[in-house]
Amino acid sequence: MDIIIISGLSGAGKSRVAAVLEDMDFYCVDNMPLTMMPKFAELCLATHGRYERVALVTDVRALKNMPELFSAFDEMQEMGCTLNVLFVEAEVETIVRRYKETRRRHPLDGPGETIEDAVKKEIEMLAPIRQLATEIIDTTGLTLNKLQRRLYKLMDGQDQKAISVTVKSFGFKYGLPIEADLLFDVRFLPNPYYIPDLKDKTGLDDLVKDYVFGLGHSNEFFERVCDMLNFLLPHYIEEGKRYLVICFGCTGGKHRSPALTQALLEYLAEQGYPVDCIHRDIEKE
């Protein structure tokens, strides 16, 4: 089991890092007491693979007892857990500005002290765990999109393929899918429904697929969709989009749109994108 300890300066972005890791299927727990970490790891191991990737967020309030922290680390490693420390920091001036903008109190902000004093004190207190860090992320000037890309590349070695795509077929007669990011109306193609041998089949049957793609403009349309996605997907990833829903609609959602949906599923899988498909109305009359 892989355990990431997310630590670092207050106001540097630990919660934001945890939110991105949650999108990457990490099970994240915020502000867990040090004494509970080994027991939590033991419970996760007992699930036999249900929790393979875990992230524990801890801040300076829990790190005042460094020997206790190191003891918890040793205990978890003895259980066979792979342990890494991700330390999040930012320039003092940046953190001070963030606290002033949010009007929150710094956890070490004491009577007669400024936020800057509290941040510098925290830097000194967290120096031992920073030295243990396997990765240090400075969020000064780092946008959310850049942070996401860095974490995806760091954790999974992903970069250009860090987006999950769902391709969906539907019938206009049953309503539009409200979750669609991109929607293509393929009712301009001849309808196999009116061909007796194809009427009771679906776009997943070879006879229907051969009919749909036996039309010259079907292939040209599909190629243009693929070209557009080859252009769009890297830009969506660049902007931090992690999920995309592409929908093809025909009259009943049974013939034309499933055939094109299945073809796009296969094409995107060949390009290395995580992709699945849904045929919403294929079983409807």
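Here, residues in each chain are numbered from 1, in the same order as that chain's written sequence. Only residues with pLDDT of at least 70 are given local features in this predicted model, and only at 80 or more are side-chain atom pairs given and counted; all residues enter the totals for whole chains, interfaces and linings. In computing side-chain values, all of the structure's heavy atoms are included and hydrogens and water are not.

**Considerations on the sheet that holds strand β3 (residues 53-57)**
Right, so step 1: Here, a strand pair is defined by DSSP locating no fewer than two bridges between the strands. Counting from the N terminus, the helices are DSSP H or I runs at least four residues long and the strands are E runs at least two residues long. One open sheet holds the 5 strands; their spatial order is β2-β3-β1-β4-β5, and the pairing between them is parallel. Of all the strands in the sheet, the pair left with one neighbour each is β2 (27-30) and β5 (135-138). In this sheet, neighbouring strand axes are inclined to one another by 20° on average, regardless of whether the strands run parallel or antiparallel.
Right, so step 2: Looking at chain direction, strand β1 (residues 2-8) and strand β4 (residues 82-89) are connected through 7 bridges and run parallel. Within β4, the position partnered with Ser7 by the bridge is Phe87.
Right, so step 3: Every residue pair with non-hydrogen atoms within 4.5 Å of one another is taken to be in contact. Helix axes are fitted only over the stretch in contact, all axes being lines through C-alpha atoms; the angle between N-to-C directions runs from 0 to 180 degrees. Across the sheet, helix α3 (residues 66-78) lies against β1 and β4, angled at about 140° from β4, the strand it touches most.

**Re unusual backbone geometry**
Right, so step 1: The backbone of Asp25 sits at a positive phi, close to 75°, despite the residue not being glycine.
Right, so step 2: Tracing the backbone through its elements, the reader meets Asp25 in the loop between α1 (14-23) and β2.
Right, so step 3: Assessed through its relative accessible area of 66%, Asp25 is described here as exposed. Burial classes: relative accessible area under 20% of the type maximum marks a residue as buried, over 50% as exposed, and values in between as partly exposed (1.4 Å probe, protein chains only).

**Description of the pairing of strand β8 (residues 243-250)**
Right, so step 1: Among the 8 residues that make up β8, 7 are buried, leaving the element largely enclosed by the rest of the structure.
Right, so step 2: Here strand β6 (residues 164-171) runs beside β8; their pairing, made up of 8 bridges, is parallel. Each residue of the ladder has a partner; that of Val167, found in β8, is Ile246.
Right, so step 3: With 4 bridges connecting them, strand β7 (residues 182-185) and β8 associate as parallel partners. Each bridged residue has a counterpart across the sheet, and for Leu183 the counterpart in β8 is Cys247.

**Looking at the packing of helix α10 (residues 216-238) against helix α11 (residues 256-270)**
Right, so step 1: Interaxial distance between α10 and α11 falls to 11 Å at its minimum, and their mutual angle equals 45°. Taken together, the axis directions place α10 and α11 in an arrangement best described as oblique. Along this stretch, α10 crosses α11, giving a crossing that reads as right-handed. Here α10 contributes Phe221, Phe222, Cys226, Leu229, Asn230 and Leu233 to the contact with α11, which in turn contributes Leu260, Ala263, Leu264, Tyr267 and Leu268. These descriptions rest on fixed angle ranges, namely under 35 degrees for roughly parallel, over 145 for roughly antiparallel, 65 to 115 for roughly perpendicular, and the rest for oblique. Working rule for handedness: look at the near helix, and if it is turned counterclockwise from the far one by less than a right angle, call the crossing left-handed; if clockwise, right-handed.

**Overview of the sheet that holds β7**
Right, so step 1: With parallel pairing, 4 strands are arranged side by side in an open sheet as β7-β8-β6-β9. Single-partner strands in this sheet number two, and they are β7 and β9 (275-279). Across the sheet, the axes of successive neighbouring strands diverge by a mean angle of 15°, strand direction being ignored.
Right, so step 2: Lying on the sheet, α10 is in contact with β6, β7 and β8; it crosses β7 at an angle near 170°.

**What about helix α2 (residues 37-45)?**
Right, so step 1: For α2, every residue scored as buried is listed here: Met37, Pro38, Phe40, Ala41 and Cys44. Axial view of α2: buried residues confined to an arc of 160°, hence all on one face.
Right, so step 2: Those residues of α2 that are buried are in contact with β1, β2, β3 and α3. The arc in question is formed by the directions pointing from the helix axis toward the C-beta atoms.

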